[in-house]
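As a plain string of letters, each chain reads:
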Amino acid sequence: MTRSDLADDGVREQYAALRREVVALLEGERDWLANLANVAAAVYDRLDGLNWAGFYLLRGGALVLGPFQGRPACVRIAVGTGVCGTAVAQRASQVVADVHAFPGHIACDPRSRSELVVPLHVAGRVVGVLDLDSDQPARFDERDRAGVEALVAAVVPLIDWERACAL
Ligand code: SME
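Notes on the structure in this doc start here. None of these values were measured; they are calculated from a predicted model. Residue positions within a chain follow its written sequence, with the count starting from 1. Predicted model: local features are reported for residues with pLDDT of at least 70 only, side-chain atom pairs are reported and counted for 80 or more only, and whole-chain, interface and lining totals are derived from all residues. By convention in this description, side-chain values take in all heavy atoms of the structure and omit both hydrogens and water.

This part covers the side chain of asparagine 51. Strands are runs of DSSP state E lasting at least 2 residues, helices are runs of H or I lasting at least 4, and numbering of each runs from the N terminus. Within the secondary structure layout, asparagine 51 lies in strand E1 (residues 50-59). Counted as a polar contact is a pair of N or O atoms within 3.5 Å, where, for protein atoms, one must be capable of donating a hydrogen and the other of accepting one, and residues adjacent in sequence contribute only when both atoms are in side chains. Side-chain polar atoms of asparagine 51 contact the side chain of serine 112, separated by 3.1 Å. Non-local contacts of asparagine 51, meaning those with residues more than four positions away in its chain, are made with Tyr44, Gln69, Gly70, Arg71, Asp109, Arg111, Ser112, Asp133, Ser134 and Asp135. The contact criterion used throughout is that any non-hydrogen atoms of two residues lie within 4.5 Å.

Here, expected helix span is obtained from the residue count minus one, scaled by 1.5 Å. The terminal C-alpha atoms of helix H4 (residues 142-155), which comprises 14 residues, lie 20 Å apart, in line with the 20 Å expected from a rise of 1.5 Å per residue. Three or more residues of H4 are buried, namely Arg143, Asp144, Gly147, Val148, Leu151, Val152 and Val155. Along H4, the residues classed as buried sweep out an arc of 160° about the axis, all on the same side. Turning to H4, the residues buried within the fold contact helix H1 (8-26), helix H2 (32-46), strand E5 (114-122) and strand E6 (125-134). Between a side-chain oxygen at the N-terminus of H4 and the backbone nitrogen of arginine 143 the separation is 2.9 Å; the capping residue is aspartate 141. Between buried and exposed lies partly exposed: a residue is buried under 20% and exposed over 50% of the maximum accessible area for its type, with that area taken using a 1.4 Å probe on protein chains only. The arc refers to the directions leading from the helix axis to the C-beta atoms.

Attention now goes to the packing of H1 against H2. With their axes 10 Å apart at the nearest point, H1 and H2 run at an angle of 150° to one another. Of the possible angle classes, the one that applies to H1 and H2 is roughly antiparallel. Every pair of crossing elements has a handedness; the one defined by H1 and H2 is right-handed. Contacts between H1 and H2 involve Gln14, Leu18, Glu21, Val22, Leu25 and Leu26 on the former and, on the latter, Asn35, Asn38, Val39, Ala42, Val43 and Arg46. The classification used treats Ala, Val, Leu, Ile, Met, Phe, Trp, Tyr, Cys and Pro as nonpolar, Asp, Glu, Lys and Arg as charged, and all other residues, Gly among them, as polar. For the contact of H1 with H2, the per-class residue count stands at seven nonpolar, three polar and two charged. A fitted line through C-alpha atoms represents every axis, and for helices the fit uses only the stretch in contact; the resulting angles, taken between N-to-C directions, go from 0 to 180 degrees. Should an angle fall under 35 degrees it is taken as roughly parallel, and over 145 as roughly antiparallel, whereas 65 to 115 is taken as roughly perpendicular and any remaining angle as oblique. Crossing handedness: left-handed means the near helix sits turned counterclockwise from the far one by under a right angle, and right-handed means the same turn made clockwise.

A word on the pairing of E1. With nine of 10 residues buried, E1 lies mostly within the body of the structure. Here seven bridges tie E1 to strand E2 (residues 62-70), and the two strands are oriented antiparallel to one another. The partner of leucine 57 across the bridge, within E2, is valine 64. Counted along the chain from E1 to the antiparallel partner E2, the turn is two residues long, and its residue glycine 60 has a positive phi close to 60°. Two strands pair under a simple rule: DSSP has to find at least two bridges between them.

Only heavy atoms are used to decide nearness, and a residue is near a molecule or strand if one of them lies within 4 Å of it. Val83, Cys84, Ile106, Glu115 and Asp133 are the nearest of the 13 residues found near the ligand. The contact in question runs from an oxygen atom of the ligand to an N or O atom on the backbone of valine 83, over 2.9 Å. Isoleucine 106 is positioned with one of its backbone polar atoms (N or O) 2.7 Å from a nitrogen atom of the ligand. Within the residue set of the shell around the ligand, elements represented by two or more residues are E1, helix H3 (82-90) and E6. Per element, the largest residue contribution to the shell around the ligand is three residues, and it comes from H3. Among the residues making up the shell around the ligand, the classes are represented as eight nonpolar, two polar and three charged.

Next up on the list: the state of the cysteines. When two cysteine sulfur atoms are found within 2.5 Å, that pair is recorded as a disulfide. Applying the stated rule across the entire model yields one disulfide. Covalently, cysteine 74 is tied to cysteine 108 through a disulfide, its sulfur atoms 2.0 Å apart. For the disulfide bridge between cysteine 74 and cysteine 108, the dihedral angle about the S-S bond is near -120°, and by the sign convention the bridge is left-handed. Of this pair, cysteine 74 sits in the loop between E2 and strand E3 (76-78) while cysteine 108 is found in the loop between strand E4 (94-96) and E5, placing the two residues 34 residues apart along the sequence. Cysteine 74 gets classed as partly exposed once you look at its relative accessible area, which sits at 22%. Cysteine 108 sits in the partly exposed class, given a relative accessible area of 30%. Its sulfur unpaired, cysteine 84 is 7.6 Å from the next cysteine sulfur, which belongs to cysteine 108.

This is how it looks when you write it as structure tokens:
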């Protein structure tokens, strides 16, 4: 059975369980670095088919690598470039079925074939992104976009953004 055969309910429940786990992990802790590190680790561990999962945070006008799981990655990405910079510039999630077809895609890991990038909205501003990569083509669909957007919406209020991004 491929992942696209999974019933919508199954995918929704997978993301609901991940959200519950992440909220429990962060409960009572205010350290932004520890919390974002645990979110990246939970996402990478619980979702199948990922070869990279992590954060880029806006610092001094550019996206800078944050807590992640996977191979070492590009440190700085300009707003408006790559999938991550496009998500910030457009203030919108990017579901990329084939990274080779995305103009300006930044290949940190040549194994990556598809990508999902969700912006982090804090009080009307985008402060960074959560980036998921897969070595499978078309690993992410609208169900994943909705699931990761809901995860991010649950995580954002639990992070001390003033310390994370010097807001
Ligand atoms: N592919 C991303 C760069 C970050 S890596 O995937 C970890 C992009 O095009 O913005």
